[in-house]
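Summary of the model geometry
The lines below spell out each chain.
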Amino acid sequence: MRADVQRVTVLGAGSWGTAFAKVLGDAGRDVTMWARREQVAADIRERHANSAYLPGVGLPERITATADPAEALDGAEAVVLAVPSQSLRANLSEWRPLLPADTILVSLAKGVELGTLKRMSEVIAEIAGIPAGEVVVVTGPNLAKEIAAGQPSASVLACADHERAVAIQRASANSYFRPYTNTDVVGCELGGACKNVIALSTGMAAGLGLGTNTMATLITRGLAEMARLGAKLGADPLTFAGLAGVGDLVATCSSPLSRNRTFGEHLGRGDTLEQAQAAAGGQVAEGVMSCSSIRALAQSLGVDMPITDAMHRVCHEGVDPRQAGAELLGRSQKHEWS
């Protein structure tokens, strides 16, 4: 592993992958992006733009792109995995033979895998054949359009191997992007996964015409849910009070730029899952799938996560959002911290 990472490959050319590539380029790193579609790769390579996902954003000349994964990975000192959580396993299985030896693997995905109930760093470690403690996880309030616009932002780089986190910290720090390191990978990943589900709920509340009190209630009770799950899995409680916890939660639940919040808002207005997906340009918000895997993980551990359960029932069992809200309010009375 090199402490001074200069050549980075970003596998995935969606909005967040592109924004993080820009962060790396603006930090003085040479970046090669892999895009599934050649027209997207050509746009990045020839016009220094990704019009499909980040229109109006100019990309540094240090960034190039290709649709050939072997070409993208050649000589990479760090590899950033920027694909959706539920497709990470299949993609990485294809790329595994192409990964350079001793490269640092970095995950941008936020979710819990359906079926296996594994966190993304666990999936990456399994497929790549490396210890889970060597995967660097990027999380925190990461709204891609704001970061791509150069607005001041901070994130967390979580890795049990602190030296690897520091290497990516040095490679990504620039005038507008401030990365912090953290060794609590479990807490950081759970925060990043759970906040997508809670953002669905705040979006639904907005779609139902509900106000700030409701939003604050969902955000804080959602934070309590993720903290309970984290405690059961050995996470540091302080993590949920930081950027990977409340920071990411507030940003994702509050901003119209959040895909999960916007998706939930369509559901709250009465749209079907298919209509909400069509309104999102054919993309399904991460929280729609994660609510099921996180719910299953919580049930397997005996952890109570009522908002997550309600989102699963709305998204996958056809329960009306108003009914789900009424059932949440009608739950038995309890102490706040029980």
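In the annotation of an unreviewed UniProt entry, the entry for the chain reads Glycerol-3-phosphate dehydrogenase [NAD(P)+], and the organism field reads Amycolatopsis heterodermiae. Recorded in UniProt for the chain, the comment headed Pathway (unreviewed entry) runs: "Membrane lipid metabolism; glycerophospholipid metabolism." You can read under Sequence similarities (unreviewed entry) in the UniProt record for the chain the words "Belongs to the NAD-dependent glycerol-3-phosphate dehydrogenase family."

Helix 14 (residues 306–316) packs onto helix 8 (residues 185–207) with a crossing angle of 70° between their chain directions and a minimal axis gap of 9 Å. When the interaxial angle is binned, helix 8 and helix 14 end up roughly perpendicular. The interaxial crossing formed by helix 8 with helix 14 has left-handed handedness. Of helix 14, the residues touching helix 8 (which contributes Val197, Ile198, Leu200, Ser201 and Met204) are Ile307, Thr308, Met311, Val314 and Cys315. Partitioning the contact of helix 8 with helix 14 into residue classes produces 8 nonpolar, 2 polar and no charged.

The next point concerns the UniProt feature "binding site: NADPH" (unreviewed entry) in the chain. According to UniProt, the "binding site: NADPH" (unreviewed entry) feature falls on Ser15, Trp16, Arg36, Arg37, Tyr53, Lys110, Ala144, Arg259, Val284 and Glu286. These residues run over 272 residues, and the two farthest C-alpha atoms among them are 22.8 Å apart, placing them at more than one spot. Among the annotated residues just listed, those lining the largest cavity are Lys110. Apart from the residues within four sequence positions on either side, Arg36 is in contact with Ala67 and Asn91. Among the polar contacts listed, one links the side chain of Arg36 to the side chain of Asn91, at a separation of 2.9 Å. In this structure, Arg259 sits in helix 11 (residues 259–268). Apart from the residues within four sequence positions on either side, Arg259 is in contact with Ser15, Gln283 and Ala285.

The next point concerns the UniProt feature "domain: Glycerol-3-phosphate dehydrogenase NAD-dependent C-terminal" (unreviewed entry) in the chain. Look at the UniProt record and you will see "domain: Glycerol-3-phosphate dehydrogenase NAD-dependent C-terminal" (unreviewed entry) annotated at residues 184–324. Overall, residues 184–324 shows 74% helix and 0% strand. The separation of its end C-alpha atoms is 33 Å.

Considering only enclosed or pocket space, the largest pocket measures out at about 1400 Å³ in volume. As for the largest pocket, its lining consists of 45 residues, of which Gly14, Ser15, Trp16, Arg259 and Gln283 are closest to the centre. Looking at the lining of the largest pocket, the elements with two or more residues in it are helix 1 (15–26), helix 6 (144–148), helix 8, helix 10 (243–254), helix 11 and helix 13 (286–301). In terms of residues, the lining of the largest pocket owes the most to one element, helix 11, which gives 5 residues. Residues of the lining of the largest pocket, tallied by class, amount to 22 nonpolar, 15 polar and 8 charged.

On to the packing of aromatic side chains. Summed over the entire model, instances satisfying the criterion amount to 3 aromatic pairs. Ring centres of Trp16 and Phe20 lie 5.7 Å apart, and the angle between their planes is 65°; this geometry places the pair in the edge-to-face category. Of this pair, Trp16 and Phe20 both sit in helix 1, 4 residues apart, roughly one helical turn. Look at Trp16 and you get buried, because its relative accessible area is 15%.

The next subject is the domain arrangement of the chain. Looking at the chain, the domain boundaries give domain 1 (7–183) and domain 2 (192–329). Interface area for domain 1 against domain 2, summed over the two sides, is near 1600 Å², with a carbon-plus-sulfur share of 70%. When residues of domain 1 are sorted by the area they lose upon contact with domain 2, Lys110, Leu117 and Leu143 head the list and together hold 32% of the total. At the boundary of domain 1 with domain 2, the tally comes to 1 salt bridge. For the salt bridge of Asp248 with Lys110, the shortest nitrogen-to-oxygen distance reads 3.0 Å.

Here is what the cut-offs are and how they apply
Residues numbered from 1 in each chain as written. Predicted model: local features only at pLDDT ≥ 70, side-chain atom pairs only at ≥ 80, totals over all residues. Heavy atoms only, no water. UniProt positions renumbered as here; feature names shortened; annotations may be inferred. Axes fitted to C-alpha atoms, helices over the stretch in contact; angles between N-to-C directions. Helix = DSSP H or I, 4+ residues; strand = E, 2+ residues; numbered from the N terminus. Parallel < 35°, antiparallel > 145°, perpendicular 65-115°, else oblique. Left-handed = near helix turned anticlockwise from the far one by under 90°. Contact = heavy atoms within 4.5 Å. Nonpolar A, V, L, I, M, F, W, Y, C, P; charged D, E, K, R; others polar. 1 Å grid on protein atoms, 1.4 Å probe; cavity = no way out; pocket = protein on both sides within 12 Å on 5 of 7 lines; lining within 4 Å. Polar contact = N/O pair within 3.5 Å; in protein donor to acceptor, adjacent residues only side chain to side chain. Points joined across faces, edges and corners; volume = space filled by probe spheres on them. Phe/Tyr/Trp six-rings, centres within 6.5 Å; stacked < 30°, edge-to-face > 60°. Buried < 20%, exposed > 50% of the residue type's maximum accessible area, 1.4 Å probe, protein only. Domains from an automatic or database assignment. Buried area = accessible area lost by both parts, 1.4 Å probe. Salt bridge = Lys/Arg side-chain N within 4 Å of Asp/Glu carboxyl O.

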